[in-house]
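Coordinate inspection notes
Spelled out from the first residue to the last, the chains are:
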Amino acid sequence: MASTSFASLGLSRHVRDATRGKLTGRSKCHDDPMFGDGHCWLGQVGAAQGHLLKQGVGARDVFLFFGLYAEPEMGERHHRIFGHMQVIAHGEPDAIRQAAGWREPPRAHPHFEGDWAANNCIWFGPGATARLASPKLRLTVEGGPLNTWRVPEWLGEFGLSYHANPQRWLARDLLDSAKRGQEFVCDIGDAAEPRRWLEGIMAEIEG
C-alpha cells in the first residue's frame, strides 16, 4: 500500500483538476517511476515484470517512459514521452540494495512496501524527466486518434513487442499502439540510426 499522498508531492491541485475531483491531495499516490537527484527507481511485478525478463531487458538498457496528457487550453488528450532511465541494476527489493552504485530513493517507494507477488522487482539507474512539453516527445499524431503514434521509420523494421500484427503499422512512421499498453520493448542493439534517435530523445528530455 502506497504511503505517499499527492499533497506531499505538491500535486493536490493537479490531481484534483485532472480527475475532476475524484482524487484529492489526501489520496494516496503510486509514486512510480520515482525520480530524484539524477536517478530513477522503477517497480515492476507480475506479467509486466515477466515480459521484461522474457524480452531480455537488463543492465545498460534504456527505459523511455510515456504517459497520457491533456492540452491545458483545448483539453486534447495525447501520449508523450516524459522521462528516461538507463538500467544499472535490477532485482528484488532487499537484494538490489547490495548492487554497485545503488542509492536509496528520496521517498518511500511503493514497491518496497506492502505485499507483492514473488517477482516484485526494482529497476534502478540514472534518469531524468522532461521540464518542457517538447513537440519531439509527443507520440500521438496531431488531432488524434489517441493511439495513433508517429514513430521513427526504423521502428517497424526492428520490431516492437505487442505489435507483431502488420495491421498495426499504418505507415512507415505511423503505429496503432496497443491499448493501455506498457513495457513495449525494441531491441536496437548497436544499430547507428536507432542509437542516434535514442540519444536525441534523451537529450530532449534533459533539455
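For the structure itself, look to the data block above.
Before going into details, it helps to say that this report is about the structure given with it. (Residues numbered from 1 in each chain as written. Predicted model: local features only at pLDDT ≥ 70, side-chain atom pairs only at ≥ 80, totals over all residues. Heavy atoms only, no water.)

**Here we look at the sheet that holds strand β9 (residues 174-176)**
Ordered by their spatial adjacency, three strands build an open sheet running β7-β9-β8, and the pairing between neighbours is antiparallel. A strand with exactly one partner marks an edge of an open sheet, and here the two such strands are β7 (148-150) and β8 (169-171). Looking at each pair of strands side by side, their axes are set apart by 30 degrees on average, direction ignored. Bridge analysis of β8 against β9 gives two bridges, and the strand direction is antiparallel. Bridge pairing in β9 places Ala171 opposite Leu174. (Pairing = 2+ DSSP bridges. Helix = DSSP H or I, 4+ residues; strand = E, 2+ residues; numbered from the N terminus. Axes fitted to C-alpha atoms, helices over the stretch in contact; angles between N-to-C directions.)

**Notes on the layout of surface pockets**
Quantified by volume, the largest pocket comes out at close to 1,800 Å³. Around the largest pocket, the lining comprises 38 residues; the ones closest to its centre are Leu11, His14, Ala18, Leu68 and Tyr69. Among the elements of the structure, α1 (12-19), β1 (34-36), β3 (62-70) and β4 (77-86) are those that each provide at least two residues to the lining of the largest pocket. A breakdown of the residues in the lining of the largest pocket according to their chemical character gives 20 nonpolar, six polar and 12 charged. Each pocket or cavity is described by its volume, and for the second largest pocket that value is around 1,500 Å³. In this structure, the second largest pocket is lined by 48 residues; those nearest its centre are Leu64, Phe65, Phe66, Glu183 and Phe184. (1 Å grid on protein atoms, 1.4 Å probe; cavity = no way out; pocket = protein on both sides within 12 Å on 5 of 7 lines; lining within 4 Å. Points joined across faces, edges and corners; volume = space filled by probe spheres on them. Nonpolar A, V, L, I, M, F, W, Y, C, P; charged D, E, K, R; others polar.)

**Examining the state of the cysteines**
Scanning the entire structure with this criterion turns up zero disulfides. Looking at Cys29, it has no disulfide partner, and the nearest cysteine sulfur is the one in Cys40, 14 Å off. Between Cys121, a cysteine without a disulfide, and Cys40, which holds the nearest cysteine sulfur, the sulfur-to-sulfur distance is 12 Å. In this structure Cys121 comes out as buried when scored by relative accessible area, which is 4%. (Disulfide = S-S within 2.5 Å. Buried < 20%, exposed > 50% of the residue type's maximum accessible area, 1.4 Å probe, protein only.)

**Looking at the pairing of strand β6 (residues 121-129)**
Judged by how many residues are buried, β6 sits mostly within the fold: seven of nine residues are covered. Note: strand β2 (residues 39-44) against β6, six bridges, orientation antiparallel. Each residue of the ladder has a partner; that of Gln44, found in β6, is Cys121. Where β4 meets β6, three bridges bridge the pair, whose relative direction is antiparallel. Its bridge partner being in β6, Gly83 is matched across the sheet by Thr129.

**What about the environment of Leu11?**
Within the fold, Leu11 resides in the segment before α1. Leu11 sits 18 residues away from Cys29 along the chain, and the two C-alpha atoms are 9.8 Å apart.

**A word on the side chain of His79**
Along the chain, His79 turns up in strand β4. Judged by its relative accessible area of 10%, His79 is buried. A distance of 3.2 Å separates polar atoms of two side chains, one belonging to His79 and the other to Trp149. Dropping the residues within four chain positions of it, His79 is found in contact with Phe66, Gly67, Leu68, Arg138, Leu139, Thr140, Leu146, Asn147 and Trp149. (Polar contact = N/O pair within 3.5 Å; in protein donor to acceptor, adjacent residues only side chain to side chain. Contact = heavy atoms within 4.5 Å.)

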